[in-house]
Each structure stands twice: as C-alpha cells, then as structure tokens.
Amino acid sequence: MVGIKPTDLPPTATVKFFGAGTAACFADLVTFPLDTAKVRLQIQGESIAASGSAVVKYRGVFGTITTMVRTEGARSLYNGLVAGLQRQMSFASVRIGLYDSMKQFYTKGSEKASIVTRLLAGCTTGAMAVAFAQPTDVVKVRFQAQVRQSDGLKRYNGTMDAYRTIARDEGVRGLWKGCMPNITRNAIVNCAELVTYDIIKELILQYDLMTDNLPCHFTAAFGAGFCTTIVASPVDVVKTRFMNSSAGQYNSALNCALTMLTKEGPTAFYKGFVPSFLRLGSWNIVMFVSYEQIKRFMTKMQYSWESPF
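Residue indices begin from 1 for each chain and proceed along its sequence in written order. Local features are withheld for residues below a pLDDT of 70 in this predicted model, meaning they are given only at 70 or higher, and side-chain atom pairs are given and counted only at 80 or more; totals for whole chains, interfaces and linings count all residues. Remark: hydrogens and water are excluded; side-chain values derive from all non-hydrogen atoms of the structure.

With an unreviewed UniProt entry as reference, the protein chain is termed Dicarboxylate carrier UCP2, source organism Culter alburnus. UniProt positions are given in the numbering used here, feature names are shortened, and annotations may be inferred rather than shown by experiment. The UniProt entry for the protein chain carries this comment under Sequence similarities (unreviewed entry): "Belongs to the mitochondrial carrier (TC 2.A.29) family." Recorded in UniProt under Subunit (unreviewed entry), the annotation for the protein chain is "Homotetramer. Adopts an asymmetrical dimer of dimers functional form."

Undergrad: Summarise a nonpolar patch on the surface; cite the residues concerned and give the values.
TA: Like-charged residues are merged into a patch within 9 Å and nonpolar side chains (Val, Leu, Ile, Met, Phe, Trp, Tyr) within 5 Å, provided each residue has over 30% relative accessible area and no salt bridge. Accessible surface area values rest on a Shrake-Rupley calculation with a 1.4 Å probe, where residue burial reflects the displayed protein chains alone. The term salt bridge refers to a pairing of a side-chain nitrogen on Lys or Arg with a carboxyl oxygen on Asp or Glu at a separation within 4 Å. On the surface, Leu203, Tyr207, Leu209 and Met210 cluster together to form a nonpolar patch covering roughly 420 Å² of accessible area. Helical segments are the DSSP runs of H or I of at least four residues, strand segments are the runs of E of at least two, and each set is numbered from the N terminus. Secondary-structure assignment places leucine 203 in helix H7 (residues 179-206).

Undergrad: Explain unusual backbone geometry residue by residue, including any values.
TA: The backbone of aspartate 208 shows a phi angle near 55°, a positive value even though the residue is not glycine. When you line up the elements, aspartate 208 lands in the loop between H7 and helix H8 (214-244). The class of aspartate 208 is exposed, set by a relative accessible area of 68%. For each residue, the accessible area found with a 1.4 Å probe, counting protein chains only, is set against the maximum for its type, and the residue is called buried under 20%, exposed over 50%, and partly exposed in between.

Undergrad: Talk me through helix H2 (residues 61-72); I want residue IDs and the actual numbers.
TA: How far a helix is expected to stretch is found by multiplying one less than its residue total by 1.5 Å. Its 12 residues give H2 an end-to-end C-alpha distance of 16 Å, which sits within 8% of 16 Å, the value for a rise of 1.5 Å per residue. Where H2 is concerned, the buried positions are Val61, Thr64, Ile65, Thr67, Met68 and Glu72. Within H2, the buried residues cover an arc of 165° as seen down the axis, which keeps them to one side. Exposed and oriented more than 90 degrees from the buried face of H2 are Phe62 and Arg70. Following H2 by one or two positions, glycine 73 adopts a phi angle in the positive range, close to 95°. Starting at the helix axis, one direction is taken to each C-beta atom, and the arc is that of these directions.

Undergrad: Lay out the confidence of the model for the protein chain in plain terms, naming residues and giving numbers.
TA: Summarising the model, the protein chain shows a mean pLDDT of 84, and 90% of its residues fall at 70 or more. Per-residue pLDDT, averaged within each element of the protein chain, yields its smallest value for helix H1 (residues 13-51) (83) and its largest for helix H4 (residues 99-106) (93). Every residue is assigned a pLDDT by the predictor, reflecting its confidence on a scale from 0 to 100.

Undergrad: Could you give an account of the packing of H7 against H8, naming the residues involved and the relevant values?
TA: Viewed as axis vectors pointing N to C, H7 and H8 meet at an angle of 170°, and their least axial separation amounts to 8 Å. Judged on the interaxial angle alone, H8 and H7 are roughly antiparallel. Simply put, an axis is a line fit to the C-alpha atoms, just over the touching stretch for a helix, and the angle between two N-to-C directions goes from 0 to 180 degrees. Each angle receives one of four descriptions, namely roughly parallel if under 35 degrees, roughly antiparallel if over 145, roughly perpendicular if within 65 to 115, and oblique otherwise.

Undergrad: Describe the pattern of salt bridges, and please don't skip the residues or the numbers.
TA: Counted under the stated rule, the structure contains 18 salt bridges. Residues aspartate 100 and lysine 16 are paired through a salt bridge, measuring 3.2 Å at the closest nitrogen-oxygen approach. Of this pair, aspartate 100 sits in helix H4 while lysine 16 sits in helix H1, placing them 84 residues apart in sequence. Pair check on accessibility: aspartate 100 and lysine 16 agree, each one buried. What you see here is one network of salt bridges that share partners, running through Lys16, Asp100, Lys103, Arg118, Asp198 and Glu202.

Here it is, written out as structure tokens:
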C-alpha cells in the first residue's frame, strides 16, 4: 500500500500474501454473524416469492440475528465459518496480498500509479481470486442460507459433505456456480475497497493529517467500506441469490437479476444494505488495521531472522 516511509522496512510479496490471508481470517471471525444476517436478508424476498407467503421472518440486521439465535441457536450465526476461513485464506491472499505486486507489474516497477492502473490491478487480482477460490464461496453461502428443518435435518452435514454433495448433485461446475457474477462483484469490490483505501490513505499522509499509524488506517478503512457497500450491494445480492438457488431455478445471473427486478422491484438489489455496510465497514476496519500491523510484525521478524547480528 501507499504511505510507507523510506526508513520503514518494505514488506516482501510473501509477507503481503500471507499477511492478507491472516488478517482477512481474523476479520471474518469478528464479523461473520453480520455476514450471515446479510445473506438471510438478501434471500428473504426470494423465499417469500416462492412460498406465496407475505410473512416477513427477518427484520433488520439485529432482528435477524435475534431471530436466528432464538429459533436456531447461537451457533447458526457461524454456519459456514470453516468454508469462510478457507475462502479468506485463499481468496484474500490473492486479491489483497498480490494487489501491490500487480500494481507494480502494470507500472513496470514504478512507485507512482495512476487511478486507472490501480483500478486495473484491483480488477485483475479480484478476478484471479474468484477463479481460484469460488468453491469455498459457494459452500459458505449455502451454509449461511440453510435453515434447520422441523425434523432437525440440514441441507449439508459439514463442510466436506457440502463440497461432495454439490459436486455429486450438480457436477463439478456446481462448485463454480455464480463464478461470472462473483468475478464482476469482486472486480467492483476490489476496485472500490483497495483503490479507495489506497487513495484515502495517500491523501491523509500527503497533507499530513495523520501519521502512518492506526488512526490513519482506521479512517481509510471506514471510507473504503462505505464506498464498497454502495457500489457492490446490487451485484452482491444477485450473487448470493444465484449461488444459493436450486438447479434450474435461474438460467443465468442475468435472469436472476431480471427476475428480482420484475417480482420485487429495484429496491431488492439493496436488500440487506445495513448489515452489508455494518459488515463491510467493520470487516474493512479489522482487516486493514490487522493487515498493516501484521505486515510490520512479519517484516521485522523476517529481517531479524536474516540479520540476527
């Protein structure tokens, strides 16, 4: 990221790669209940349309969390956590950890990068991450969306069972279901998230508003989370609906979006906006603050190992 002083030890690509995955896992542990509530709110309109019932089960992010704890137990808030951590370790390591390397690739090693170059780097690492880690995202969404039936049965009994069941019932392609809308979403998310954080942090340091420390990282991360939520929510809702759909329910992600528009109206694309912002805002803050500290710690440790005297 920008803002590293010449006197600081520059983190290597390896440090950034593993640091990003670790920080993202920590952020997921903190914010996972908000993400689960967001998924339930996003698919709620679909459930109502399918059943023909006008009863709204979930109301607001905290109402959704309360309802889930009361009807399914507190553990339901962490449905899909294992897949979520698998996703972040593989996904965030690529899309965040390789962002600076990709930026330098497009600038041919120069430290000065235009907004276009940053957007291009964000799109590239976002698409690479989805192509690599999509199965973990599909399983995570399926777990978060599943509700325990009245007979106590669940759609999937465990993370590995989910991978096997999806591959058996829907084919291997089922594990990459929604890959294209997810690539679109993550290209948008990566650009909004990383580029916004990059620019806000750069401006803060450029005008000496703060030093390159926790308050600066917090402010830049909060701004990045807000911008990302506004831009990415419509694509995120379509991605969640499409990945959670049964075989043949939608012909494509575009068909899913058109069905939502005709049956539920344009506001359907911003279902779960508040939990999305609460989740993305808090996730960005925890992730970026952790990432910056992990980079510094790992770099110092690496330097001390290489230069013990």
